Amino acid sequence: MNENILELKNLFDASIAKVLDASALDEIRVSYLGKNGSVTGLLKNMGALSPDERKTYGKDVNDLKNYISGAIDEKLIYLNEQALKKELEAMPEFDVSAPVDTDRGSYHPITLVQRQCENVFRTMGFTIEDYSEIVTDYECFEALNIPKFHPARDMQDTYYLENGQLLKSHTSAAQNAIYKKYKKALVEEGKPIRAIFPGRCFRNENTDACHENTFFQMEGVMVDKNISISNLIFFMKTMLSAVFEKDINVRLRPGFFPFVEPGFELDISCLICGGEGCPSCKHSGWLELCPCGMIHPNVLREGGIDPEEYTGFAFGLGLTRLAMMKYGVKDIRDLNGGSLANLAQFTEDK
Ligand code: FA5
């Protein structure tokens, strides 16, 4: 091997042996293999060689280049392994056999009411669906008969991402996907669509005792032949009596939502003040809990279901408000406050 090549190889071996971290290794890579590096520099001597010498010399330089590049890659793996080992050694030990501290933590009130509702609907044959928190304008509005510039959008201002997607302002955003998922079983096997989908919702709201910018809803839909408002009222009543385990005053009044026709607002008598009026119910004695209605033909059609043949109902239960009423939480903001002591008082023995 040419003397210069050998000398450079020895120099490289000595310097890589001393390297202790990835950035120093990168400097070595540049100084040997970079555009102006030492290995490239060796090629400048080729002009002074005979054609035969040039062949061997060129091959030796190439071998050195491969040798250096392989050694650097190997060293990088070694350094990464060492760094990981060091990081793991610095971590506190986790003893899986340590006894559980039963004094710590409790289920969040919203988790508890969500589970109660899920159990009620599960026994009535509903599937429980999970859905993304980031959705498209189509899912949240257009597929629900709310075209661009429709005034109903003003009621649900939310947070938009730079790519045009948005944080879902209501669980109704999952309706279209659910219809598309189950329409084949509905049409070909005659299986009714029965689904609930609980989820976190976001709105650009002025917060007060009964409004949060981040809250939970639980959507429910049922689609089959001959579904009517009586079915809707039956499911709502069954769910509320199972959750509250007592008789609750409810009222149904007309409500407008572009994705249902007819639409209703289902209110319950405020359980914080017994219907007298307080900040939790905006001093009206009633709390809007669960808007609902018969699914609009346009929405069924958009989901691939023929509205001439099938009908259905949908509801959007305010899970956070339900938790407030069930556990006597006067201010909705306490539920997102993150104070364990505050939350545990509602659910300690559950
Ligand atoms: C809707 O979100 C409709 N998607 C509901 C629906 C579904 C109607 C299916 C018809 C058919 P609304 O904006 O009213 O509707 O919200 C529904 C419920 O969510 C309210 O009754 C309330 O209980 C709860 N909710 C709405 N906004 C907030 C908020 N800012 N903080 C806490 N709970 C809220």
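What you are looking at is a predicted structure, and each value in this text was computed from that prediction instead of being measured.

Undergrad: Explain the site of the ligand residue by residue, including any values.
TA: Taken together, 24 residues lie around the ligand, and H170, S172, R203, E205 and E212 are the ones closest in. Between the ligand and E212 there is a distance of 2.9 Å, counted from a nitrogen atom to a backbone nitrogen or oxygen. The backbone of E288 places a nitrogen or oxygen atom 3.1 Å from an oxygen atom of the ligand. Burial of the ligand by the protein chains amounts to 96% of its free accessible area of 670 Å². Listing elements by their share of the shell around the ligand, those giving two or more residues are β5 (214-224) and β10 (311-318).

Undergrad: With reference to specific residues and values, describe a nonpolar patch on the surface.
TA: Taken together, the side chains of L84, L88 and M91 present a nonpolar region at the surface, about 310 Å² in accessible area. Mapped onto the elements, L88 comes out in helix α4 (residues 51-90). Of the residues examined, L88 reaches a relative accessible area of 52% and is grouped as exposed.

Undergrad: Can you tell me about the environment of F215, naming the residues and giving the values?
TA: Counting through the fold element by element, F215 comes out in strand β5. Sequence-wise, F215 and N36 are 179 residues apart; in three dimensions their C-alpha atoms are separated by 60 Å. Beyond its immediate chain neighbours, meaning those up to four positions away, F215 contacts S169, G199, R200, C201, R203 and T320.

Undergrad: Go over the pattern of salt bridges with me, naming the residues and quoting the values.
TA: Under the defined criterion, the tally for this structure stands at 17 salt bridges. Between D137 and K148 there is a salt bridge, with the nearest N and O atoms lying 3.6 Å from each other. Highlighted residues: D137 in helix α6 (residues 137-140) and K148 in the loop between α6 and β3 (166-167), separated in sequence by eleven residues. Judged by its relative accessible area of 48%, K148 falls in the partly exposed class. For the salt bridge of D267 with R251, the shortest nitrogen-to-oxygen distance reads 2.8 Å. Note that D267 is positioned in strand β7 (residues 260-269) and R251 in strand β6 (residues 250-254), a separation of 16 residues in sequence. Take R251: its relative accessible area is 32%, and that puts it in the partly exposed class. Look at the salt bridges and you will find they share partners, linking D137, E142, K148 and R153 into a network.

Undergrad: Can you explain the environment of C140? Please cite residues and give values.
TA: Tracing the sequence through the fold places C140 in helix α6. For C140, a relative accessible area of 0% translates into the label buried. Between the alpha carbons of C140 and Q165 there is a distance of 9.7 Å; along the sequence they are 25 residues apart. Every residue in contact with C140, bar those within four places of it in the chain, is listed here: V135, L166, K168, S169, H170 and A173.

Undergrad: Pulling in residues and values, what's your account of the packing of helix α2 (residues 22-33) against α4?
TA: Interhelical geometry of α2 versus α4 gives an angle of 175° and a closest axis separation of 10 Å. As far as their axial angle goes, α4 and α2 are roughly antiparallel. Residues A22, L25, I28, R29, Y32 and L33 of α2 touch α4, and the partners they reach there are K65, I68, S69, I72, D73, K75, L76 and L79. Residue classes in the contact of α2 with α4 are distributed as nine nonpolar, one polar and four charged.

Rules behind the numbers
- Residues numbered from 1 in each chain as written.
- Predicted model: local features only at pLDDT ≥ 70, side-chain atom pairs only at ≥ 80, totals over all residues.
- Heavy atoms only, no water.
- Near = heavy atom within 4 Å.
- Polar contact = N/O pair within 3.5 Å; in protein donor to acceptor, adjacent residues only side chain to side chain.
- Areas by Shrake-Rupley, 256 points an atom, 1.4 Å probe, with all protein chains shown as cover.
- Helix = DSSP H or I, 4+ residues; strand = E, 2+ residues; numbered from the N terminus.
- Patch = residues over 30% accessible without salt bridge, like charges linked within 9 Å, V, L, I, M, F, W, Y side chains within 5 Å.
- Salt bridge = Lys/Arg side-chain N within 4 Å of Asp/Glu carboxyl O.
- Buried < 20%, exposed > 50% of the residue type's maximum accessible area, 1.4 Å probe, protein only.
- Contact = heavy atoms within 4.5 Å.
- Axes fitted to C-alpha atoms, helices over the stretch in contact; angles between N-to-C directions.
- Parallel < 35°, antiparallel > 145°, perpendicular 65-115°, else oblique.
- Nonpolar A, V, L, I, M, F, W, Y, C, P; charged D, E, K, R; others polar.

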